[in-house]
Amino acid sequence: EADYWLEHLYAQRNFIFNEVKKAYHEYAFLEGRAEATEGQIHIVESVLDFANGRYESGYGSQSELVRIDIELAKMRDMLAEMRQMRPALGSALARSTGRPQDVEMPWPQAAEFPSDPPPSDSLGALIRSQNPSLKMFDATIRARETEAELARRANRPDVTIGLEYTRDRDERRDPRDPFAPGRLSTYRDIARVATGQVLPDLGMGIDAYDTFAYKDPIRGSEDEFSVSVGVNVPIWKKKRKAAVAEKEHEAQSQAWHKEDEAQGMESMARMARFQWDDAERRLALYENELVPKEESALQALTEGYVAGDPEASFPMLLESMRNLMQLRTERLRAERDKHLAAAELELFFGRPWGSDVTEVEATPTR
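Fair warning: this is a prediction, and the values are worked out from it, not measured in the lab.

Thresholds, definitions, all that
- All chains use their own residue numbering, which begins from 1 and follows the written sequence.
- Per-residue local features are limited, in this predicted model, to residues with pLDDT of at least 70; the limit for side-chain atom pairs, both in listing and counting, is 80 or more; totals at the level of whole chains, interfaces and linings are taken over all residues.
- Based on all heavy atoms of the structure, the side-chain values leave hydrogens and waters out of the count.
- Helix and strand assignments come from DSSP, with helices taken as H or I runs of at least 4 residues and strands as E runs of at least 2, each series counted from the N terminus.
- Relative accessibility thresholds used throughout: buried, under 20% of the residue-type maximum; exposed, over 50%; partly exposed, between the two (1.4 Å probe, protein chains only).
- We get accessible surface area from the Shrake-Rupley algorithm with a probe of 1.4 Å; when it comes to residues, only the shown protein chains can shield them.
- Known as pLDDT, the predictor's confidence for each residue is given on a scale from 0 to 100.
- Stacked, edge-to-face and tilted are the three classes for Phe, Tyr and Trp ring pairs, Trp counted by its six-membered ring, which pair at centre distances within 6.5 Å; planes under 30 degrees apart are stacked, over 60 edge-to-face, the rest tilted.
- Charges are assigned to positions over rings by a cutoff of 6 Å between ring centre and Lys NZ or Arg CZ, combined with an angular limit of 35 degrees from the ring normal.
- Here, two residues are considered to be in contact whenever any of their heavy atoms come within 4.5 Å of each other.
- Only residues whose relative accessible area exceeds 30% and that take part in no salt bridge are eligible for patches, with like-charged residues grouped when within 9 Å of each other and nonpolar side chains (Val, Leu, Ile, Met, Phe, Trp, Tyr) grouped when within 5 Å.
- Salt bridge, as applied in this entry: a Lys or Arg side-chain nitrogen positioned within 4 Å of an Asp or Glu carboxyl oxygen.
- Nine residue types can take part in a nonpolar core, namely buried Ala, Val, Leu, Ile, Met, Phe, Trp, Tyr and Cys, and a core is a set of them joined through side-chain atoms within 4.5 Å.
- Note on method: axes are straight lines fitted to C-alpha atoms, helices fitted across the in-contact stretch only, with angles between N-to-C directions ranging 0 to 180 degrees.
- Every angle not falling under 35 degrees, over 145, or within 65 to 115 is termed oblique; those three ranges are roughly parallel, roughly antiparallel and roughly perpendicular.
- Three classes are used: nonpolar for Ala, Val, Leu, Ile, Met, Phe, Trp, Tyr, Cys and Pro, charged for Asp, Glu, Lys and Arg, and polar for all others, with Gly counted as polar.

If you tally the helices and strands in the protein chain, you get eight helices and two strands. Starting at the N terminus, the α and β elements of the protein chain follow one another as α-α-α-α-β-α-α-β-α-α. When burial is assessed residue by residue, the protein chain has 32% of its 366 residues classed as buried. As displayed, the protein chain has an accessible area near 23,600 Å², and 54% of this comes from carbon and sulfur atoms.

Have a look at this one:
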C-alpha cells in the first residue's frame, strides 16, 4: 500500500509537469504570433507610406490606399486580440505553477526541443516499465496476492502456547504474630494474675496454643508458574475458500485493468509520436522552404512595386504579405505542436525519455 501511494505521488507530479508545459507553450505560441503580427504591421506601414507618396505624385490610386488601410486595420485588430488574450493564457500558466492570478506573467523564453523520442514499436515496453500509474496497479496486485496468502494460512489451526511466571514480592507479617494486639492483651492478663494483682476469673479464656505456639513471623515469597496451551481449529472451510478466491480474483482483475490501461496509453503514445513526426515535418517545411521563399517573393514584389514594374501589381503584393503572415503563423504552430507532443510522451513514459535517472525525487518545489 505504501508503494501504491508513492507511485501515486509520482503520477500526480508528472500531471503537474505536463500541465505546466502545455500552458507554457500555449503562452509562447501567443507571443510568437504577436511578434509576427507586429513585424507584418511594420511592413504594411512602410508600403502605405510609399503608396501615399505615389498617390500624391499622381502615379497611384486611392483604391490602393483604401485597401492598404483595410489590411492594416485587420492586423492591428489581430494584435489587439492577442494582447487581450495574454492575461487569460498567463493566468493559466500562473495557476499551473501555483502563482497568484493577479501577477502578469512575463513572456516565455525560447525552449529547446528534446532529442528524438523512441520508435513506435518500443513505446509499449517503455510505458509498462516506467509509467507510475501502471506501477500503482503492480503495487495493488502485490497487496492482493499477499492478502490471498494470508487467507490461505487462515485454513491452518492456530496453536497458542503461553508461559507465565509470577514472582511474589509481598512479604507481609504473619497474622499470628506474637506481638499482635490480641495476644498482647492475653500476656497482660497472665502477668496480673501471676503477680497477684487480680484473681483468676472463670470468664477469662486463654488460648494457650495460639498464644505460646511458635510461629515464623515472616512468610517467605511464593513464586508461581503457569503454562497454557490453546488450539483454534478453523471449521468454516467454505468461508475460508471464498476469502482466498476473492483476493485471487481481485488480483486478476487488477492485472486485466492494468493491461487495459497500458494498451490505452500505448495507443495515445503512438498518436503523440505521430504528432511529433508531423510537427517536425511541418516545421522543417515552413522554416526551410516556404517562409524563406515567400520572404524572397515579397521582397522582389516590393522592389518592383516601388520601381513601378507593371508585373509587380498591388494585388500581388498584398497577397504575398498575407501569405507570409499565414506561413509564419503555421511555422509557430508546428513548433508549439512539437513541444506539446513531447510533453505528452513524457507523461506516458513517466519522465523525459533521454533521462538515465531511475528514481526521481518527489519533493515538491515552488
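For the protein chain, per-residue confidence averages 83 on the pLDDT scale, and 82% of positions sit at 70 or higher. No element of the protein chain has a lower mean pLDDT than helix α6 (residues 208-212), which averages 56, and none a higher one than helix α8 (residues 314-349), which averages 92.

A few words on the packing of aromatic side chains. Tallying each qualifying case throughout the model produces three aromatic pairs. Relative to W5, the ring of Y4 has its centre 5.1 Å away and its plane inclined at 90°; by these criteria the two rings are edge-to-face. For W5, a relative accessible area of 53% translates into the label exposed. On the basis of an interplanar angle of 35° and a centroid distance of 4.6 Å, the ring pair of Y165 and F225 is categorised as tilted. Highlighted residues: Y165 in strand β1 (residues 158-166) and F225 in strand β2 (residues 224-232), separated in sequence by 60 residues. Overall, F225 belongs to the exposed group, its relative accessible area being 65%. Above the plane of the ring of F29 lies R336, whose end atom (NZ or CZ) is 4.6 Å from the centre.

Looking at the secondary structure, you find E266 in helix α7 (residues 237-307). Given a relative accessible area of 18%, E266 falls into the buried group. Not counting chain neighbours up to four residues away, the residues in contact with E266 comprise G124, I127 and R128.

Here we come to a nonpolar patch on the surface. A contiguous nonpolar patch, built from V159, I161, L163, V227, V229, V231, V233, I235 and W236 and spanning about 1,000 Å² of accessible area, is present on the exposed surface. When contributions to the nonpolar patch are tallied by element, the ones reaching two or more residues are β1 and β2.

On to the nonpolar core, then. Soluble globular proteins: nonpolar side chains tend toward being buried together. Within the largest apolar cluster, 25 residues are counted, with the highest numbers of intra-cluster contacts made by V44, I68, L317 and M321. Residue contributions to this core peak at seven residues, all from helix α1 (residues 2-57). Residue contacts for M321: discarding those within four places in its chain leaves Q40, I43, V44, V47 and L298. Listed in part, the 15 residues of the second largest apolar core include F137, M265, A269 and L345.

To continue, consider the environment of A297. Structurally, the position occupied by A297 is in helix α7. The sequence separation of A297 and S320 amounts to 23 residues, and the corresponding C-alpha distance is 7.3 Å.

All right, on to the packing of helix α3 (residues 123-130) against helix α4 (residues 132-153) then. Put simply, α3 and α4 touch, their axes get as near as 6 Å, and they point 55° apart. As far as their axial angle goes, α4 and α3 are oblique. Contacts from I127, R128, S129 and Q130 in α3 reach P132, L134 and K135 in α4. A per-class count over the contact of α3 with α4 returns three nonpolar, two polar and two charged.

What follows concerns the pattern of salt bridges. As enumerated under the stated definition, the model contains 30 salt bridges in all. R142 is paired through a salt bridge with D3; the nearest N and O atoms lie 3.4 Å apart. Taken together, the residues span a long stretch of sequence, with R142 in helix α4 and D3 in helix α1 at a distance of 139 residues. Given a relative accessible area of 43%, R142 falls into the partly exposed group.

Mapping E294 onto the fold places it in helix α7. When residues no more than four places from it in sequence are discounted, the contact partners of E294 are S320, N323, L324 and L327.

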